[in-house]
Amino acid sequence: KTNTTMKTFEELESAVRSYSRSWPTVFKKAKGYKLWDEDGNEYIDFFAGAGTLNYGHNDEKMQEKIIEYIRNDGIIHSLDMGTPPRKEFLERFNEVILTPRNLDYKIMFPGPTGTNTVESALKIARKVTGRDTVVSFTNAFHGMTIGSLSVTGNSFKRKGAGIPLHHTVSMPFDDYVEDQDSIVYLEKFLEDSGSGVALPAAIILETVQGEGGINASRMEWLKKIESLCKQWDILLIIDDVQAGNGRTGTFFSFEPAGINPDVVCLSKSIGGFGLPMAITLIKPEYDQWGPGEHNGTFRGNNLAFIAATEALSNWETDEFSNTVQEKSILLSRAVEMIIEKYPQLKGEARGRGLMQGIAVDVAGLAEEICAEAFTRGLIIETSGPDDEVVKFLPPLIIDREGLEKGLEILEDSIKHVLA
Ligand code: PMP
């Protein structure tokens with residue numbers, strides 16, 4: 001008979017655990033862009049809780065507001081009842097984000113995580129169009145539930161569902177094919193399917209693919225996709241779960257393209273503080289669900305609303321977004337310098353804003369660099385179908401000193417691994 005109390009915590013966790021394998025320690029405390037483990041070791045964060053901590057760890061104002069709310073016996077549960085935090089979030093989001101950008105969306109709460117907003121987007125596209133196919137792109141990542149996984153272009157992740165998924169067509173992402181503009185494949189597909197076979201309900205994409213290798217699409221490509229969607233009466237869904245919330249320098253990643261997607265998915269940093277929250281923005285004419293048609297117990301986390309509302313203060317002026325853009329330039333210069341100085345990496349610069357990476361064309365090297373960086377106090381993750389990209393996703397509030405210190409550790413790690 002096994003004595004379960006004698007098992008270590010590693011043994012107790014399912015084999016599927018991954019981050020706790022990559023970073024074999026127990027993190028205990030965090031502030032701003034730093035974390036500390038149980039033994040007091042300090043780490044610089046170039047990971048930001050997989051993009052949930054754009055505003056840094058333990059922002060003091062968010063802490064205060066949450067503590068005050070709990071002290072005053074505020075409503076804690078997460079159903080979609082009307083509460084002051086819910087009301088304030090909706091009003092502030094409209095005032096600070098939608099109105100200044102001349103955007104008109106209904107805001108719906110699909111459930112607590114990124115995959116929930118993607119599922120809701122896929123469902124509404126089916127309901128509105130009466131069609132079931134969705135076009136997604138090579139190396140896309142949209143989540144792990146059946147619908148979002150079916151539009152995720154990663155064979156390893158898809159195999160996690162056991163048997164083939166359906167109702168999805170994968171097209172080459174921008175720059176995926178070298179010889180010609182990948183849009184021609186999509187145009188041809190739509191012409192063929194528009195002849196009466198299976199016109200898709202929607203096209204879903206990340207403007208910068210986060211998990212898929214920090215592949216950044218061009219603004220012209222996004223504009224062409226939007227016009228194809230209009231031409232064929234297909235919904236355009238932008239999954240801004242990772243690239244949104246200021247990650248690429250503007251609140252929505254698609255702003256510089258001047259497009260107006262039909263549905264926008266937001267999660268991760270929308271909760272301000274690392275708290276679970278997601279929203280789906282739907283053009284009013286497509287908000288066609290009746291009450292209760294898309295339910296869920298955790299669709300309104302009041303603590304997340306409080307942190308989320310506080311986070312929106314960063315968007316009252318252009319200052320926050322300007323500082324992100326300044327730091328992005330610093331990061332991209334460092335990336336270029338590393339690629340040039342260490343030709344053994346066969347490196348290629350990727351990304352936009354504070355969502356960047358170095359694609360390393362030597363098998364296993366990116367993972368080795370990240371593992372070495374961890375032992376030196378820098379948390380970085382790999383990305384891409386073969387974990388070939390060293391990915392930089394620092395909290396957006398990181399200061400110049402933190403960015404430079406992190407880059408110094410990165411360079412030392414690269415030197416060590418190449419030696
Ligand atoms: N979409 C994108 C673009 C993502 O990066 C992620 C998470 N990495 C998801 C959806 C899924 O979010 P979650 O893990 O919260 O379900």
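Residues numbered from 1 in each chain as written. Predicted model: local features only at pLDDT ≥ 70, side-chain atom pairs only at ≥ 80, totals over all residues. Heavy atoms only, no water.

For the protein chain, an unreviewed UniProt entry supplies the name Diaminobutyrate--2-oxoglutarate transaminase and the organism Virgibacillus tibetensis. Per UniProt, the protein chain has the following entry under Cofactor (unreviewed entry): "pyridoxal 5'-phosphate". One UniProt comment on the protein chain, placed under Sequence similarities (unreviewed entry), says "Belongs to the class-III pyridoxal-phosphate-dependent aminotransferase family." (UniProt positions renumbered as here; feature names shortened; annotations may be inferred.)

Caption draft 1: Expanded view of the packing of aromatic side chains. Per the stated rule, a full pass over the model turns up 19 aromatic pairs. Taking 5.2 Å as the distance between ring centres and 15° as the angle between the ring planes, the aromatic pair formed by tyrosine 43 and phenylalanine 374 counts as stacked. Of this pair, tyrosine 43 sits in strand E3 (residues 42–45) while phenylalanine 374 sits in helix H13 (residues 365–375); the two residues are 331 residues apart in sequence, bridging distant segments of the chain. By the burial criterion, tyrosine 43 is buried, and phenylalanine 374 matches it. Every member of this aromatic cluster is reached through a ring pair, and the members are Tyr55, Phe89, Phe93, Phe109, Phe251, Phe252, Phe254, Phe305, Trp315 and Phe320. (Phe/Tyr/Trp six-rings, centres within 6.5 Å; stacked < 30°, edge-to-face > 60°. Helix = DSSP H or I, 4+ residues; strand = E, 2+ residues; numbered from the N terminus. Buried < 20%, exposed > 50% of the residue type's maximum accessible area, 1.4 Å probe, protein only.)

Caption draft 2: Highlighting the site of the ligand. Every residue near the ligand is listed here: Thr113, Gly114, Thr115, Phe141, His142, Gly143, Glu206, Glu211, Asp239, Val241, Gln242 and Lys268. The separation between a nitrogen atom of the ligand and a polar side-chain atom of glutamate 211 is 3.3 Å. At a separation of 3.0 Å, a nitrogen atom of the ligand approaches a polar side-chain atom of lysine 268. Burial of the ligand by the protein amounts to 82% of the accessible area it has alone, namely 390 Å². (Near = heavy atom within 4 Å. Polar contact = N/O pair within 3.5 Å; in protein donor to acceptor, adjacent residues only side chain to side chain. Areas by Shrake-Rupley, 256 points an atom, 1.4 Å probe, with all protein chains shown as cover.)

Caption draft 3: How the structure looks around the pattern of salt bridges. Within the structure shown, the criterion is met by 21 salt bridges. Between lysine 224 and aspartate 181 there is a salt bridge, and its shortest N-O distance comes to 2.8 Å. Separated by 43 residues along the polypeptide, lysine 224 in helix H10 (residues 219–232) and aspartate 181 in the loop between strand E6 (168–171) and helix H9 (183–194) bring together distant segments of the chain. The class for lysine 224 is partly exposed, based on a relative accessible area of 34%. Take aspartate 181: its relative accessible area is 25%, and that puts it in the partly exposed class. Three or more residues are tied together by salt bridges with common partners; here these are Asp174, Asp181, Arg218, Glu220 and Lys224. (Salt bridge = Lys/Arg side-chain N within 4 Å of Asp/Glu carboxyl O.)

Caption draft 4: Expanded view of a negative patch on the surface. Together, Glu367, Glu368, Asp386 and Asp387 give the surface a local cluster of negative charge. Judged by its relative accessible area of 30%, aspartate 387 falls in the partly exposed class. (Patch = residues over 30% accessible without salt bridge, like charges linked within 9 Å, V, L, I, M, F, W, Y side chains within 5 Å. Lys, Arg positive; Asp, Glu negative; His and termini not counted. Charge placed at Lys NZ, Arg CZ, Asp CG, Glu CD.)

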